[in-house]
Amino acid sequence: MTEECSDKPVQVSKSIRLGKVEAPDGGWGWVVVFSAFIINVITFGCSYSFGVLHVSLLNYFQESMSKTAWIGSIFVAVPLLCGPIASVVTNRIGFRKATIIGGLITAIGLISSTFVNSVKAMAVTYGFIAGLGISMPYLNSIVVVAMYFEKKRTLATGISRCPAVIVTQIFVPLYQYLIMSYSWRGAVMILGAISLNIVVCGGVFKPLEGAKEYIEVQDSDCDDKIFTEQDHVDHAIELTPIDEDFLVSKSLKSKDNFKSNPVSCYDFRETTKTPCKQMNKPLIEISIFKNVRFVMFALSGVILCLGYHVPYLFYVSRAISIGITQNRAMFMVDLMRILHTLGILLYGFLGDRKQINRRYLYSGSLLLTGAVVAVVPLFTTFLPCTILAGLFALFSSSAEVFTSVIIVDILGIDKLTDAYGVVMFLQGVSFLVGPPVVGWLYDTLATGSYHTTGIYDKTFYFAGSCIGISGIIVFLTSFIKQKKPRQTD
């Protein structure tokens, strides 16, 4: 599908037409990072705190635990499954407006949940509507940070992605207090009001402007004819294609600083007063699927997600089953949260070092994570189990930092919006399939002749294998040679 010609002029920026927009690597970019951090606090807060809300919903609706749990499951899955939709919306209206609209939809979904009287209705309002709204801010919080930073991209991404400690230490207890004080309906309504902060954060996501001279646009048909001022908008000037959407004069094409490098076409269009008609643009960039390295990297993400959450789901249960006290088991959880956050910052720092290959660092970290998870069943005492829990949290944090950054390394910043939307969808499918598979393994072994701790052994072996295989695939992407785009003079 492509866009129709519009009689109404839209704004087209100089930066998309004249040259590559330079990432500031600081300045306003740190405000963008803080806004992305707040968006992730709200996003993860709504997800992680559902367990507190779930208890109240069980008592109120008097439905089964599995049926009530569908509300939270849908809310977690929908933002990821709607990744391609978020990409399309962002490409059409820009990341600033998409984030603001997503925040409004999220607030509408949460606030409307306070008026429902059934689990099915709440699954629609809280699960689907709020989940759909969250998908756009979640995607854009990653894309915009990557756009604003280049030399410090990994560190900035890491900072924006480490709200776990705040969520668990502040957000969850706050939510529990709100439920006790105002009932679950009042708490959800306040949560909806809190989600409106996403709208404010979206307003911070202003498009970059990096061009230094104006150029004129010929407003004659759907294809943009782009000229420099010195070309005087002469129809007879010979035009050279720079990609499937633009034609540019040879004098501009020959400039060394000219590179077509948009993140979101609309965001760069809205910063200047030069009129033109909208471009013919596919809903999603199909060319990303022709890149073998990206396809392999996306596959590694799917396999990773099959086993990524197993330690978080079963580590405490296994610890208690082998005789570790509940207080000590909860200490392991706190240690995992702290080391996971520190790991994100550490990988953010290391990933920006020129002497370190990000892909090798990521693949090695995944292999170590898989190995740690796979050897968990070999230990049954507190100290080694605690050490393994900490190492898992530390190494697994690499996935939070490197996914978007490596996509940029493979495809370029201009394809990140489309590519990350696809990755989100695949991760959503994997998260939907993973827990049932792990649950099936647990149930199958529980009915067999395994002793109590043996019930968990195969589950951890499965998770460790998935994470390790994911690391191997990431490593192999380094050996795939891609054809470089042909340069035209």
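Predicted, not measured: the structure shown is a model, and the values here were computed from it.

Engineer: Residue-level account of the overall build of the chain, with values.
Structural biologist: Looking only at helices and strands, the chain features 20 helices and six strands. Expressed as a percentage of the 489 residues in the chain, the buried residues total 54%. Here the contacts in the chain between residues at least 6 apart in sequence split such that 81% fall between residues at least 24 apart. Surface summary for the chain: the accessible area is close to 21700 Å², and the carbon and sulfur share equals 63%.

Engineer: Tell me about the pattern of salt bridges, residues and numbers included.
Structural biologist: Under the definition given, this model contains five salt bridges. Between Glu-400 and Arg-161 there is a salt bridge; the shortest N-O distance is 3.0 Å. You can see Glu-400 sitting in helix 18 (residues 398-411) and its partner Arg-161 sitting in the loop between helix 8 (153-160) and helix 9 (164-195), a full 239 residues away along the chain. Overall, Glu-400 belongs to the buried group, its relative accessible area being 18%. Classification of Arg-161 as buried rests on a relative accessible area of 7%. Put simply, Arg-337 and Asp-334 hold a salt bridge, and the shortest N to O gap is 3.3 Å. Within this pair, Arg-337 and its partner Asp-334 are both found in helix 15 (residues 326-351), separated by three residues, close to a single helical turn.

Engineer: Give me the environment of Leu-81: which residues, what numbers.
Structural biologist: With respect to the secondary-structure elements, Leu-81 resides in helix 4 (residues 65-81). The class of Leu-81 is partly exposed, set by a relative accessible area of 26%. Remark: the alpha-carbon pair of Leu-81 and Gly-428, spanning 347 residues in sequence, is separated by 5.1 Å. Residues in contact with Leu-81, not counting those within four places in the same chain, are Met-424, Phe-425, Gly-428, Val-429 and Leu-432.

Engineer: Account for the nonpolar core, naming residues and giving values.
Structural biologist: Counting residues in hydrophobic clusters, the biggest one holds 102 residues, and the most contacted among them are Leu-53, Met-122, Tyr-126, Tyr-362 and Ile-407. Examining the composition of this core, we find that 16 residues originate from one element, helix 7 (residues 119-148), more than from any other. Counting contributing residues, this core receives three or more from each of domain 1 (21-207) and domain 2 (284-483).

Engineer: Report on the packing of helix 3 (residues 50-61) against helix 7, specifying residues and quantitative values.
Structural biologist: The contact between helix 3 and helix 7 brings their axes to 12 Å, and the two run at 155°. Classified by the angle between their axes, helix 3 and helix 7 sit roughly antiparallel to one another. The two elements helix 3 and helix 7 meet at a crossing, and its hand is right-handed. Residues Phe-50, Leu-53, Leu-57 and Phe-61 of helix 3 pack against Val-119, Met-122 and Tyr-126 of helix 7.

Engineer: I'd like to hear about the packing of aromatic side chains, residue by residue, with values.
Structural biologist: For the coordinates displayed, the defined rule picks out 14 aromatic pairs. Centre to centre, the rings of Tyr-347 and Phe-402 are 5.7 Å apart; their planes meet at 75°, and the pair counts as edge-to-face. Linking Tyr-347 in helix 15 with Phe-402 in helix 18, this pair joins segments that are 55 residues apart in sequence. Among the residues examined, Phe-402 registers a relative accessible area of 0% and is labelled buried. These aromatic residues form a ring-pair network of at least three members: Phe-297, Tyr-347, Tyr-362 and Phe-402. Geometry around Trp-28 places Lys-206 over its ring, the cationic atom sitting 4.6 Å from the centre. Over the ring of Phe-349 we find Arg-353; its NZ or CZ atom is 4.3 Å from the centre of that ring.

Engineer: Lay out the confidence of the model for the chain with the relevant residues and their values.
Structural biologist: Mean pLDDT over the chain: 77, with 74% of residues reaching 70 or higher. Of the regions scoring below 50 in pLDDT, residues 1-19 engages in 72 contacts with residues more than four places distant in sequence or in other chains. Across residues 485-489 the pLDDT falls below 50, and counting only partners more than four positions away or on other chains, this stretch makes two contacts in the model.

Engineer: Give me the lowdown on the packing of helix 16 (residues 358-375) against helix 18, citing residues and values where you can.
Structural biologist: Pairs of packed helices are described in terms of their axes, by the angle between the two and the distance that separates them. Look at helix 16 against helix 18: their axes get within 10 Å of each other, and the N-to-C directions meet at 145°. In terms of crossing hand, the pair formed by helix 16 and helix 18 is left-handed. On helix 18, the residues that touch Arg-358, Arg-359, Leu-361, Tyr-362, Ser-365 and Leu-366 of helix 16 are Ser-398, Ala-399, Phe-402, Thr-403, Val-405, Ile-406, Asp-409 and Ile-410. Among the residues making up the contact of helix 16 with helix 18, the classes are represented as eight nonpolar, three polar and three charged.

Engineer: Give me the lowdown on the side chain of Ser-300, citing residues and values where you can.
Structural biologist: Looking at the secondary structure, you find Ser-300 in helix 13 (residues 292-308). When sequence neighbours within four positions are dropped, the list of residues in contact with Ser-300 reads Ser-470, Ile-473 and Val-474.

Engineer: Now, about helix 4: what can you tell me, with residues and values included?
Structural biologist: Helix length check: helix 4, at 17 residues, gives a terminal C-alpha distance of 24 Å against a target of 24 Å (1.5 Å per residue), a fit within 8%. Along helix 4, the helix axis deviates most sharply at Ile-71, where the bend reaches about 30°. The set of residues buried in helix 4 consists of Thr-68, Ile-71, Gly-72, Phe-75, Ala-77, Val-78, Pro-79 and Leu-80.

Engineer: With reference to specific residues and values, describe the environment of Lys-458.
Structural biologist: By secondary structure assignment, the location of Lys-458 is in helix 20 (residues 454-476). Using a relative accessible area of 39% as the deciding quantity, one classes Lys-458 as partly exposed. In this structure the C-alpha to C-alpha distance between Lys-458 and Pro-377, which are 81 residues apart in sequence, comes to 8.5 Å.

Engineer: Residue-level account of unusual backbone geometry, with values.
Structural biologist: Residue Gln-62 is not a glycine yet carries a positive backbone phi of 55°. Mapped onto the elements of the fold, Gln-62 is located in the loop between helix 3 and helix 4. With relative accessibility at 63%, the residue Gln-62 sits in the exposed group. With a phi close to 70°, Ser-183 is a non-glycine residue in the positive phi region. The topology assignment puts Ser-183 in helix 9.

Thresholds applied
- Residues numbered from 1 in each chain as written.
- Predicted model: local features only at pLDDT ≥ 70, side-chain atom pairs only at ≥ 80, totals over all residues.
- Heavy atoms only, no water.
- Helix = DSSP H or I, 4+ residues; strand = E, 2+ residues; numbered from the N terminus.
- Buried < 20%, exposed > 50% of the residue type's maximum accessible area, 1.4 Å probe, protein only.
- Contact = heavy atoms within 4.5 Å.
- Areas by Shrake-Rupley, 256 points an atom, 1.4 Å probe, with all protein chains shown as cover.
- Salt bridge = Lys/Arg side-chain N within 4 Å of Asp/Glu carboxyl O.
- Core = buried A, V, L, I, M, F, W, Y, C linked by side-chain atoms within 4.5 Å.
- Domains from an automatic or database assignment.
- Axes fitted to C-alpha atoms, helices over the stretch in contact; angles between N-to-C directions.
- Parallel < 35°, antiparallel > 145°, perpendicular 65-115°, else oblique.
- Left-handed = near helix turned anticlockwise from the far one by under 90°.
- Phe/Tyr/Trp six-rings, centres within 6.5 Å; stacked < 30°, edge-to-face > 60°.
- Lys NZ or Arg CZ within 6 Å of the ring centre and 35° of its normal.
- pLDDT = per-residue confidence, 0-100.
- Nonpolar A, V, L, I, M, F, W, Y, C, P; charged D, E, K, R; others polar.
- Expected span 1.5 Å × (residues − 1).
- Bend = angle between axes of the 7 residues up to and from the residue.

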